[in-house]
Structures are given as C-alpha cells and as structure tokens.
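# Coordinate analysis (summary)
Spelled out, the chains give:
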Amino acid sequence: NYAEALKNHIAALKINEELGDKKGIAASYNNIGKVYNDRGQLTEALNYFLVSLKIKKEIGDKKGIGNAYNNIGGVYNQLGNYSEALKNHYASLKIKEEIGDKSGITDSYINIGDIYFSEKNYPEALKYFSAYLKVSEELEDSSSIADAYIQIGNTYTKQNKINDASSYLNKGLSLAKKVGSVDYIKNGYQGLATLDSMQGNFKQAFEYYKLSVIYRDSLFNEKNTKKIVETQMQYEFDKKEAVDKAQQDKKDAEAKRIKNQQYFIIITLGISILAVILIAILQFKSNKHKQKANVLLEKQKNKVEITLSELKSTQAQLIQSEKMASLGELTAGIAHEIQNPLNFVNNFSEVNKEMLVELNNEIDKGNYDDAKAISKVVIANEEKINQHGKRADAIVKGMLQHSKSSKGQKEATDINALCDEYLRLSYHGLRAKDKSFNAIMETEFDEHIGKINIIPQDIGRVLLNLFNNAFYAVNEKLKDQIAQLKTEDGLYIPTVHIVTKKLNDKIEIKVTDNGNGIPQNIIDKIFQPFFTTKPTGQGTGLGLSLSYDIIKAHGGELSIRSVHSGGSGGKVASEENEGSEFKIILPV
C-alpha cells in the first residue's frame, strides 16, 4: 500500500524536522526513497537517497553513509548507468570495510559482481563473487554461501569452463536445498539448464528447466496466497460499504421526500402567481367590475409581496445553512489542530509538577546550584506552555472569526497562511468523518505576495469549499479504484495541489486534484445555484455558487481554467478521469 506508506513516512519526516532530529530526518528521506524505488519511480527514489546521504555525511553516520551509497548504486544499476552504480557501490564497500561491517561488505561484493556480470566483464565478476563467497563462509551464512556458489557457477558458464561451472552450480543447488531457499533452488536449476543446453544436453537441460519452473511457480503461489487474503479483506470492506450504503439510501429517500414537498410548494406558489396575472388581465379587460378588480388586485399584490418576502427569507436561511455546514466541517479539523498544543500544555505541566517537587528537595538539602538548574528548566517549560497556549488561543480565535457574521470589512491578510490553514482544517475535518480517507497535500506558495486586502471570513469559505470538493473528488476516485480491484500497476495516489502566484497587480490561487474530473456536458452548470453532482443529502448545490459571488464581490474571478497543449487548440482543465483545476484571481 504505497500511498499509505508515503503518507506515514512524510508525516514522520515532518515531525523529525520539527524536533531537529537529523538522524531521523535522514532515515525518513531514505524510507521515502525506498517506497519510490519499489514503485519503479527511480528518479524520485534517487533524489531522496541523495538527500539522505548528504544529511548522514553532516552527522558523521558512517554505517548510514555506506547504506546510502549502496541504495544510490542500486538505482543507477536499474537505470543502466553502470559506471555511476560501480562508483557508489565501491564507496559503500570502502566505508563498510573501515567499520568492519561484514554483512554490509557481502552486499557490496554481490552488487559489484552483478554489475560486472551485466557488463560481460566475467573476470571481474568472478573476482567479486569469490570475495562474496569468502566473507559469507566467515559469517557461516549458508544461504549466502549457496547464492555465491550459484553466481560463480553462472560466471564459469559464461567463460565456457564447463567442469568448474558444473561443480559450483551443483554445490550451490545442494546447499540451497538444505537451507530450504526456494529462490536459490530455482536459480540453481536455471543455471544447470543453461549449462547443459550449451553442451547440447537438451534432454537434461529440459528436465532442469522444468524443475526451475516448478520452484518459480511455488514462489508465485505464495504471492497468490497473499492476494487471496487481500481479496478476503476487500470483501469485508465492501460488505461494510454495502451496509453503509443501505443506510445512506434510506437517508437519501427521506431527503428526496422533503425535496418533493419543497417542489410542490414552489409549484403551488407558481400557480398562485399565474392566477394573479390571469385575474389581473381579466379585470383589466372588464370595465364593469373595475373597482372590485382593483380591490382584488390589491389583495393579491399583498399576497405576492408576502410570498416574495418568504422566498427571500428562505434563500437567506439556505445561505446561512451552507455557511454553518462549512463551520461544522471546520470544527472537526479545529479539534484535531487544537489537540496538539493542548497535549504539549498537559505534558509540560506534569513535568513541571515533578520538577518543582525535586526543586524543593534540593533546597531542603542545601543544593542551591542544582535547585537553580532545575528552576531554569521549569522556566523553559513554562515558556513552552505559554507558547502552545497561545497557539491554542489563536486557533480558537480563528474559529470564532470564521463563525461570526462578516461585516464586509476588508483586512490585510496573508493569503498563503489562509490557504495553508483552511487546507489543513478541511483535510482533518474530512478525516474526522472518514478515518479511511487519505490524500497527499502539495503546496507551492509564492512568498512575494505579502498581505492583500480581503474579507478573510468570506475568502476562507471559498477556499474551504474548493478544498472540500477536491478531497471529495479524489476520495470518490479512490473508492472506484478499490471497487474495481486495481492492481499495483494501476496504483492511484489521491493528490490535491495548491499554488499561489503574484501576477503584477493581481494574485492567482489554483486548486488542482487528480480525481474523476467534471464531465463536459455539465461543466457550464457548476456555478449555477442548487446544481450538484453529489448524492442527495451530501450537497446543497450552493457552495460553488456562493463562492463565485464572493469572488466577484472582491473584484476577482473564479473559473475552470482552459489550457493549451501542442498548439492544436485548447482543452478544459477538467477532464473526465484526469481531475479538475479551479483558478481564483484576486486584485492586490
């Protein structure tokens, strides 16, 4: 589960950076590199391994440096850059020899031997495979000894040294059978099949080949067993989803019933208004009942005004409901954000309590120097308590600022900070409702923007709506992929990307997701009031409409940006199955 692995390693990296733990930071970069390497994203893997190496050199972690060189060499080997691969594996070998890491030395020998073998430099390959065998024998590692025998045998085969090749391959196969290494048994039979084929012993070669296939299939069956278990787990997950869907369908039916009632009221009101118009026309044509008609028209006019007033009131209530819905989603994210500083306050308070007891003990003993040292620690802890208390206070004030009605007064606001805060609150709010939800958040903030004059509560509501929609879109696509049992080759990582940029006297905010995108046949309707693609009960259809009005009120633009590729015409930035990109333009 590479997406979940990346998410946790990136979270670990962030915490290690906050703590200033360079060894932990280096380990996180190394772990992220390994995930990218397993996924076959070799360029990304190489970048993370190189950063890990740089940090390990700064802190003087020799064993870690050796491992980093080994990882970098492995990536270059996969890229076919054998000269760089050899350079890094030799660097790894040198360090491991310095610190006496024999297990690491065997890794370097086998890696260097493999590269020479790939380059058809068989004398050098034999030299390092033999060194690999020697150290493995010193370590009494039977599995590695069997591997070394087979590698040496294959090299002798390439050199047409039939007797030597046969001897080493048979010794390797025999030892592999003793230790029960299915992979090495398979390799041994493959080597013998190649050797007999070279000598024209095709019948014996075929028998060895069949045996290698049997052991290869046994390895394949282990993978299949794992996939069966994963499928059973998926079945349980789908079963739970079906139950949840049935409950949701029940709620949707109730919401549909309420909506139908609303439609009936609206139709009734429409018919009433038409009746008023019809009566007005008839009375206008009829001079005989002019006075009576005027009285009736006056009454109907009053009814229409009352109806219009009620409609305006209903509209205001709907808008307020949308605002309160966004506040509810914020609350879950705020609860997560405020928990961290509260944990710090509680922890440091408990530590200070214990240290004050110790301080009193030292004073009673007359150890005033120790007492002063303890008091300094207590003061430092109090500063941290104060710092995190202020952080919690800022979060609460931010919540109150969002929840209170906007007075329409613009304030100088850091738009980057506003984007970052609402992005985190949106993410944690959705996580509070669905613990299985995960996504990668990428930000590119232009630090030259500075502060701009906006109504922060209103722009915050726009950002929250766009972020919620983006996270909803990637989560729906992930559910579709899980439902279709996508393989690792079709791995999908939910990602939301935020970019801010200064453009002369304007600033640009782009919110991009890699969800299912918006179908072309409805893309012109998405800013219309009450239009929504979400299931009944999950969306009011007012979010994007209100967002559009708020941005217009600020003298800006909210749009789905058109992009051009190859000069062959344009395409809308929202493509089905490729994701969506919304763009906000605001004056500075």
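Scroll up to find the structure this text is about.
Just so you know, the residues in each chain are numbered from 1, in the order the chain's sequence is written. In view of the model being predicted, local features appear only for residues whose pLDDT reaches at least 70, and side-chain atom pairs are presented and counted only at 80 or more, with totals across whole chains, interfaces and linings using the full set of residues. Note that water and hydrogens are dropped before the side-chain values are worked out from all heavy atoms of the structure.

Once that is clear, we can look at the overall build of the protein chain. Put simply, DSSP marks the helices as runs of H or I at least four residues long and the strands as runs of E at least two long, and each gets a number from the N terminus on. When helices and strands are counted, the protein chain shows 16 helices and nine strands. To sort residues, take the accessible area from a 1.4 Å probe on protein chains only and compare it with the maximum for the residue type: under 20% means buried, over 50% means exposed, and anything in between is partly exposed. Classification of the 588 residues of the protein chain by burial places 37% in the buried group. Of the roughly 34,400 Å² that the protein chain leaves accessible, carbon and sulfur atoms contribute 53%. Residue burial considers only the protein chains on display, and all accessible areas are found by Shrake-Rupley using a 1.4 Å probe.

Once that is clear, we can look at the sheet that holds strand β4 (residues 495–503). In space, the five strands of this open sheet follow the order β2-β4-β5-β9-β6, with mixed pairing throughout. Every other strand in the sheet has two partners, leaving β2 (440–444) and β6 (557–560) as the edge strands with one partner each. Sheet twist, expressed as the mean angle between neighbouring strand axes with direction ignored, is 15°. Both β6 and strand β9 (residues 580–587) contribute to a ladder of four bridges, which runs antiparallel. When the sheet's bridge partners are listed, Ile560 is paired in β9 with Phe582. The rule for pairing is simple: two strands pair if DSSP sees at least two bridges between them. In this analysis an axis means a line fitted to C-alpha atoms, helices contributing only their contacting stretch, and an angle means the value between N-to-C directions, from 0 to 180 degrees.

What follows covers the pattern of salt bridges. Every case where a carboxyl oxygen of Asp or Glu lies within 4 Å of a side-chain nitrogen of Lys or Arg is listed as a salt bridge. In total, this model carries 12 salt bridges according to the counting rule given. Between Lys102 and Glu138 there is a salt bridge; the shortest N-O distance is 3.0 Å. A residue pair is termed long-range when its members are at least 10 positions apart, and Lys102 in helix α6 (residues 102–118) and Glu138 in helix α7 (residues 122–139) qualify at 36 residues. Linking Glu476 and Lys479 is a salt bridge whose minimum nitrogen-to-oxygen distance equals 3.8 Å.

Pairing of aromatic rings covers Phe, Tyr and Trp, the last through its six-membered ring, and needs centres within 6.5 Å; plane angles under 30 degrees mean stacked, over 60 mean edge-to-face, and all others mean tilted. For the coordinates displayed, the defined rule picks out 15 aromatic pairs. With a centroid separation of 5.7 Å and an interplanar angle of 50°, the aromatic rings of Tyr427 and Phe437 are classed as tilted. Note that Tyr427 is positioned in helix α14 (residues 415–433) and Phe437 in the loop between α14 and β2, a separation of 10 residues in sequence. The buried category is assigned to Tyr427, whose relative accessible area is 7%. When the centroid spacing of 6.5 Å and the interplanar angle of 80° are considered together, the rings of Phe527 and Phe582 count as edge-to-face. Separated by 55 residues along the polypeptide, Phe527 in the loop between β5 (506–513) and α16 (543–553) and Phe582 in strand β9 bring together distant segments of the chain.

This part is about the side chain of Thr413. Structurally, Thr413 is set in strand β1 (residues 411–414). You can call Thr413 buried: its relative accessible area is 10%. With residues up to four places along the chain from it excluded, the contact list for Thr413 reads Leu418, Gly450, Lys451, Ile452, Ile454 and Pro456. We call two residues contacting when some pair of their heavy atoms lies within 4.5 Å.

Along the chain, Asp196 turns up in helix α10 (residues 182–199). Residue contacts for Asp196: discarding those within four places in its chain leaves Asn201, Phe202, Gln204, Ala205 and Tyr208.

This part is about the packing of helix α8 (residues 142–158) against helix α9 (residues 162–179). Closest axis-to-axis distance for the α8/α9 pair is 7 Å, and the angle between their directions is 155°. As the angle between them shows, α8 and α9 are arranged roughly antiparallel. The two elements α8 and α9 cross, and the hand of that crossing is left-handed. Where α8 approaches α9, its residues Ser142, Ser143, Ile145, Ala146, Tyr149, Ile150, Ile152, Gly153, Asn154, Tyr156 and Thr157 are matched on the opposing element by Asp164, Ala165, Tyr168, Leu169, Lys171, Gly172, Leu173, Leu175, Ala176 and Val179. Looking at side-chain class alone, the contact of α8 with α9 contains 13 nonpolar, six polar and two charged residues. Here roughly perpendicular refers to angles of 65 to 115 degrees, roughly parallel to angles under 35, roughly antiparallel to angles over 145, and oblique to all remaining angles. Handedness of a helix crossing follows the sense of rotation of the near helix relative to the far helix, less than a right angle counterclockwise being left-handed and clockwise being right-handed. Polar here means any residue outside two lists: the nonpolar Ala, Val, Leu, Ile, Met, Phe, Trp, Tyr, Cys and Pro, and the charged Asp, Glu, Lys and Arg; Gly therefore counts as polar.

Considering the arrangement of structural elements, one finds Val474 in helix α15 (residues 456–483). We classify Val474 as buried; its relative accessible area is 0%. Between the C-alpha atoms of Val474 and Gly517, which are 43 residues apart in sequence, the distance is 9.2 Å. In this view, Val474 contacts Phe437, Ala439, Tyr492, Pro494, Thr495, Val496, Asp513, Asn514 and Gly515; residues no more than four positions away in its chain are not counted.

The next subject is α14. Relative to the 27 Å expected for 19 residues at 1.5 Å per residue, α14 spans 27 Å between its end C-alpha atoms, a close match to the ideal helical length. Here a polar contact is taken to be a pair of N or O atoms separated by no more than 3.5 Å, where protein atoms must pair a possible hydrogen donor with a possible acceptor and residues adjacent in sequence count only if both atoms sit in side chains. The backbone nitrogen of Asn416 has a side-chain oxygen 3.1 Å away, supplied by the residue at the start of α14, namely Asp414. Here a helix's expected span is defined as the number of its residues, less one, multiplied by 1.5 Å.

The next subject is unusual backbone geometry. One non-glycine residue, Lys120, lies in positive phi territory at about 65°. Following the sequence through the fold, Lys120 ends up in the loop between α6 and α7. Its identity is not glycine, yet Glu140 carries a phi of approximately 55°, on the positive side.

Within the secondary structure, Gly460 sits in helix α15. C-alpha separation for the pair Gly460 and Ser547, spaced 87 residues apart in sequence, amounts to 9.8 Å.

This brings us to helix α3 (residues 42–59). Its 18 residues place the ends of α3 26 Å apart at the C-alpha level, agreeing with the 26 Å of an ideal helix rising 1.5 Å per residue. Along α3, the residues that are buried comprise Leu42, Ala45, Leu46, Phe49, Ser52, Leu53, Ile55 and Lys56. In this structure, the buried side of α3 is in contact with α2 (22–38) and α4 (62–79). Note on α3: the residue one or two positions beyond its end, Gly60, has a positive phi of about 70°.

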